[in-house]
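# Commentary on secondary and tertiary structure
In case you want the letters, here they are:
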Amino acid sequence: MQNRLVSIITPVYNGARFMRYTIDSVLAQTYQEWEMYIVDDGSKDNSAEIASEYAAKDSRIHLLQQANAGSAAARNNGIKRAQGRYIVLLDSDDVWEPTFLEDQLRFMQATPGALLICSAHKRIDENGNEFKSPFFPPKVIRRKDLLKTNSISCLTGVYDSAAFGKFYLREDFRSLRDDHVYWLDILKKVEVAYGNQQVLASYRMSQFAVTHNKLKMIRPQFKVYREYEHMGWLKACYYLFCWAFNGIKKHHS
């Protein structure tokens, strides 16, 4: 483990349309001690070719390829190879502000005991235009809070592995709720996450897909409560209601 190195894990599946913006935002970082693992999860477009092009120009960028197995398996593929102390998950359609890494590491170092942090982020459409107000995470996030709503967004989460080592995603969740379970796993150990109120990234989302995506997520979210948390039906339904209510509130704010 290299103490100042940040390992950026980026799964991609047919992400050619936006991934140049993502990689360019990493290259533009004011903090330069990073490595990036782009894990192509069996894409059918030219995602791998784009990643290979960048890897040929910058030795910090690495392309890994695998048969399609879902984002959890792709992220784990990258995490296994990560050499850095800090682990960051960045999806292939999201972008960082140039000072993201610098500001996040400064925030972490200035917050006593912080091992897991996130930040505020913009919400942009397919054309890169803001169409909602920025999302601001709670300043303090405990595991019981995270069960009710996932306030740690993948593109802004930074985990310091120095104390407890690496965590891996549950591959049985494939590409649905795997990130939520990942943060829940980490919070079993670190107990508290902290939310930086600086707006340091942009999360790309469809203006029309929020309701559809929420409906699609109901079954895997219920699986989180029943199979991962081993909750009874009544308790699982209570948390599912909280998750759905908070999700609708979040995406319509």
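Residues numbered from 1 in each chain as written. Predicted model: local features only at pLDDT ≥ 70, side-chain atom pairs only at ≥ 80, totals over all residues. Heavy atoms only, no water.

### A word on helix H1 (residues 19–27)
Test applied: Whether a residue is buried, partly exposed or exposed follows from its accessible area with a 1.4 Å probe, protein chains only, as a fraction of its type maximum: under 20%, in between, or over 50%, in that order. Numbering of helices and strands runs from the N terminus; a helix is a DSSP stretch of H or I covering at least four residues, while a strand is a stretch of E covering at least two. Here the arc refers to the set of directions running from the helix axis out to each C-beta atom. Any pair of residues with heavy atoms lying within 4.5 Å of one another is described as a contacting pair.
Among all positions in H1, only Met19, Thr22, Ile23, Ser25 and Val26 are buried. The buried residues of H1 occupy an angular sector of 155 degrees when projected down its axis, which confines them to one face. Packing partners of the buried residues in H1 comprise strand S1 (2–12), strand S2 (34–41), helix H2 (47–57), strand S3 (61–66) and strand S5 (95–96).

### Here we look at the packing of H1 against H2
When two helices pack together, their arrangement is captured by the angle between the axes and the distance separating the axes. The cut-off we apply is this: Here, axes are lines fitted to C-alpha atoms. For helices the fit covers the stretch in contact, and angles between N-to-C directions go from 0 to 180 degrees. Here the angle decides the label: under 35 degrees means roughly parallel, over 145 means roughly antiparallel, 65 to 115 means roughly perpendicular, and every other value means oblique. Left-handed is the label given to a crossing in which the near helix is rotated counterclockwise from the far helix by less than a right angle, and right-handed is the label when the rotation is clockwise. Residues were grouped as follows: Ala, Val, Leu, Ile, Met, Phe, Trp, Tyr, Cys and Pro as nonpolar; Asp, Glu, Lys and Arg as charged; and all remaining residues, including Gly, as polar.
Orientation of H1 relative to H2, taken along the N-to-C sense of each, is 20 degrees, at an axis distance of 10 Å. The angle between the axes of H1 and H2 places the two elements in the roughly parallel class. Between H1 and H2 lies a crossing whose hand is right-handed. Contact residues: H1 offers Met19, Arg20, Ile23, Asp24 and Leu27, while H2 offers Ser47, Ile50, Ala51, Glu53 and Tyr54. Broken down by class, the residue content of the contact of H1 with H2 amounts to 6 nonpolar, 1 polar and 3 charged.

### A closer look at the layout of surface pockets
Rules: Cavities and pockets are found on a 1 Å grid laid over the protein atoms alone: a cavity is a set of points where a 1.4 Å probe fits but cannot escape, a pocket is an open set with protein on both sides within 12 Å along at least five of seven lines, and a lining residue has an atom within 4 Å of such a point. Grid points are joined across faces, edges and corners, and a volume is the space filled by probe spheres set on the points.
Approximately 170 Å³ is the volume found for the second largest pocket. Around the second largest pocket, the lining comprises 14 residues; the ones closest to its centre are Pro138, Asp145, Thr149, Ser151 and Asn246. For the lining of the second largest pocket, the secondary-structure elements that each account for two or more residues are strand S8 (140–142), helix H5 (143–148) and helix H8 (233–251). If one sorts the elements of the lining of the second largest pocket by residue count, H5 sits on top with 3 residues. Tallied by class, residues from the lining of the second largest pocket come to 6 nonpolar, 4 polar and 4 charged.

### Quick notes on the packing of helix H3 (residues 71–81) against helix H6 (residues 178–190)
Following both chains from N to C, one finds H3 and H6 inclined at 50 degrees, their axes separated by 9 Å at the closest point. It follows from the interaxial angle that H3 and H6 lie oblique. Judged by residue contacts, Ser71, Ala72, Arg75 and Ile79 of H3 engage Asp178, Asp179 and Tyr182 from H6. By residue class, the composition of the contact of H3 with H6 is 3 nonpolar, 1 polar and 3 charged.

### Re unusual backbone geometry
Not every positive phi belongs to a glycine, and Asn14 is a case in point at roughly 50 degrees. Relative to the assigned elements, Asn14 resides in the loop between S1 and H1. Looking at Asn14, the relative accessible area reads 34%, which means it is partly exposed. Despite not being glycine, Glu191 has its phi angle at roughly 75 degrees, a positive value. Along the polypeptide, Glu191 turns up in the loop between H6 and strand S10 (192–204). By relative accessible area, Glu191 is classed as exposed at 57%.

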